[in-house]
Amino acid sequence: AQSVTQLGSHVSVSEGALVLLRCNYSSSVPPYLFWYVQYPNQGLQLLLKYTSAATLVKGINGFEAEFKKSETSFHLTKPSAHMSDAAEYFCAVSLSGGYNKLIFGAGTRLAVHP
Amino acid sequence: KAGVTQTPRYLIKTRGQQVTLSCSPISGHRSVSWYQQTPGQGLQFLFEYFSETQRNKGNFPGRFSGRQFSNSRSEMNVSTLELGDSALYLCASSLGRGDEQFFGPGTRLTVL
């Protein structure tokens, strides 16, 4: 069975600081991995996805993530936080080439303070 | 290109009633998935439809059902509502298997 663990339900950083949101996955087959962002009262927006191509994936808004099979991790990073990055972030996994069933982590709420 | 639309955006029902939520996918998308989001359980997959066929189903009771029409629009129905059904219901559409899913803004259901 697949599962996703996001370490840290709340992360707080200063504006301009590095953002690191952690995600570990469990999957019996090669996974597809995703990071989504959710702003208040909105749906989910895809930041980036890993689908077995390059292990370092670049997404929108300056975010990137690295797939590390040995560590079963897919951590999200951004070199310099902006106030507008404050939101909830979800890591998700699905079966590679499988149906469109996303298994989500519990989410990490990112706060950015001046 | 218009995004995924969900109607209504907000809904208040009482226990025991039933409710139907609607989702219009992005034009050309044939896959529609539904998710439930609650503070306690997080985001959970309900089911996916592709070309009018349910292709995958999550671990929800039979009170939760759905269907997809020939124009790819989808509806989700919840019968005999319970307080615990209060949630944000999100719909996502994609071209097909393994493609990026685009989410709608959701329908906020409150059960009193």
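Structural data are supplied above this passage.
Residues numbered from 1 in each chain as written. Chains lettered and ligands numbered in written order. Predicted model: local features only at pLDDT ≥ 70, side-chain atom pairs only at ≥ 80, totals over all residues. Heavy atoms only, no water.

Chemist: When you look at the overall build of chain B in this model, what are you seeing that I'm missing?
Modeler: Helices and strands together make up the secondary structure of chain B, namely 0 helices and 11 strands. In chain B, the succession of α and β elements from N to C terminus is β-β-β-β-β-β-β-β-β-β-β. Taken over the C-alpha trace, chain B has a radius of gyration of 13 Å; the compact-globule value for 112 residues is 13 Å, and the two agree within 12%. Dimensions of chain B along its principal axes, counting C-alpha atoms only, are 35 × 25 × 25 Å. Taken across its 112 residues, chain B has 50% of its residues classed as buried. Contacts in chain B between residues at least 24 apart in sequence constitute 54% of all its contacts with a sequence separation of at least 6. By element, 48% of the accessible surface of chain B is carried by carbon and sulfur atoms, the whole surface being about 5200 Å². Looking at charge distribution, chain B has the averaged site of its 12 positive side-chain charges lying 4 Å from that of its 7 negative ones. (Helix = DSSP H or I, 4+ residues; strand = E, 2+ residues; numbered from the N terminus. Rg over C-alpha atoms; globule rule 2.2 N^0.38 Å. Buried < 20%, exposed > 50% of the residue type's maximum accessible area, 1.4 Å probe, protein only. Contact = heavy atoms within 4.5 Å. Areas by Shrake-Rupley, 256 points an atom, 1.4 Å probe, with all protein chains shown as cover. Lys, Arg positive; Asp, Glu negative; His and termini not counted. Charge placed at Lys NZ, Arg CZ, Asp CG, Glu CD.)

Chemist: What's the story with the layout of surface pockets in this structure? I'm lost.
Modeler: Over the atoms, a rolled probe matching the size of one water molecule traces out where space is still vacant. If you add up the space inside the largest pocket, you get close to 350 Å³. Around the largest pocket, the lining comprises 18 residues; the ones closest to its centre are Q38, E88, F90 and R109 of chain A together with Q37 of chain B. For the lining of the largest pocket, the secondary structure elements donating two or more residues are β9 (87–95) of chain A together with β4 (31–38) and β5 (42–50) of chain B. Split by residue class, the lining of the largest pocket holds 7 nonpolar, 8 polar and 3 charged. (1 Å grid on protein atoms, 1.4 Å probe; cavity = no way out; pocket = protein on both sides within 12 Å on 5 of 7 lines; lining within 4 Å. Points joined across faces, edges and corners; volume = space filled by probe spheres on them. Nonpolar A, V, L, I, M, F, W, Y, C, P; charged D, E, K, R; others polar.)

Chemist: Looking at this model, I keep getting lost on the pairing of β4 of chain B. Mind explaining?
Modeler: Both faces of the sheet carry side chains from a regular strand, because those side chains alternate between them. Residues and elements named next belong to chain B. Across the 8 residues that make up β4, a large majority, 8, are buried. Both β4 and β5 contribute to a ladder of 8 bridges, which runs antiparallel. Its bridge partner being in β5, Q37 is matched across the sheet by L43. A loop of 3 residues connects β4 with β5, the two strands running antiparallel in sequence. Here β4 pairs with strand β9 (residues 87–94) via 7 bridges, running antiparallel. Bridge pairing in β9 places W34 opposite C91. (Pairing = 2+ DSSP bridges.)

Chemist: Explain the packing of aromatic side chains here, please?
Modeler: The description of an aromatic ring pair rests on the distance of the ring centres and on the angle between the ring planes. Overall, the coordinates contain 14 aromatic pairs over all chains when judged by the stated rule. A centroid spacing of 5.9 Å and a plane angle of 55° characterise the contact between Y36 of chain A and F104 of chain A, whose relative ring orientation is tilted. Of the two residues, Y36 of chain A is situated in strand β4 (residues 31–38) and F104 of chain A in strand β10 (residues 103–104); the sequence distance between them amounts to 68 residues. Judged by relative accessible area, F104 of chain A falls into the buried class, the value being 9%. Arranged with centres 4.1 Å apart and planes meeting at 15°, the rings of Y50 of chain A and F67 of chain A form a pair that is stacked. Taken together, the residues Y50 of chain A in strand β5 (residues 44–50) and F67 of chain A in strand β7 (residues 64–68) connect sequence positions 17 residues apart. One exposure class covers both Y50 of chain A and F67 of chain A, and it is buried. Aromatic ring contacts, followed pair by pair, group F34, Y36, F90 and F104 of chain A together with Y35, F45 and F103 of chain B into a single cluster. (Phe/Tyr/Trp six-rings, centres within 6.5 Å; stacked < 30°, edge-to-face > 60°.)

Chemist: Help me understand the interface of chain B and chain A in this model?
Modeler: The partner chain A presents 17 residues to the 22 residues of chain B that form the contact. Summed over both partners, the interface of chain B with chain A buries about 1700 Å², with 53% contributed by carbon and sulfur atoms. Among the residues of chain B in contact with chain A, L43, R97 and F103 of chain B are the three that bury the most area, contributing 30% of the side total. Where chain B touches chain A, the interface holds 0 salt bridges. For the pair chain B and chain A, the number of links is 3 residue pairs in polar contact (both at pLDDT 80 or more). The set of elements that each furnish at least two residues to the side of chain B that touches chain A consists of β4, β5, β6 (53–57) and β9 of chain B. In terms of residues, the side of chain B that touches chain A owes the most to one element, β4 of chain B, which gives 4 residues. Its residues assigned to classes, the side of chain B that touches chain A shows 7 nonpolar, 9 polar and 6 charged. (Buried area = accessible area lost by both parts, 1.4 Å probe. Salt bridge = Lys/Arg side-chain N within 4 Å of Asp/Glu carboxyl O. Polar contact = N/O pair within 3.5 Å; in protein donor to acceptor, adjacent residues only side chain to side chain.)

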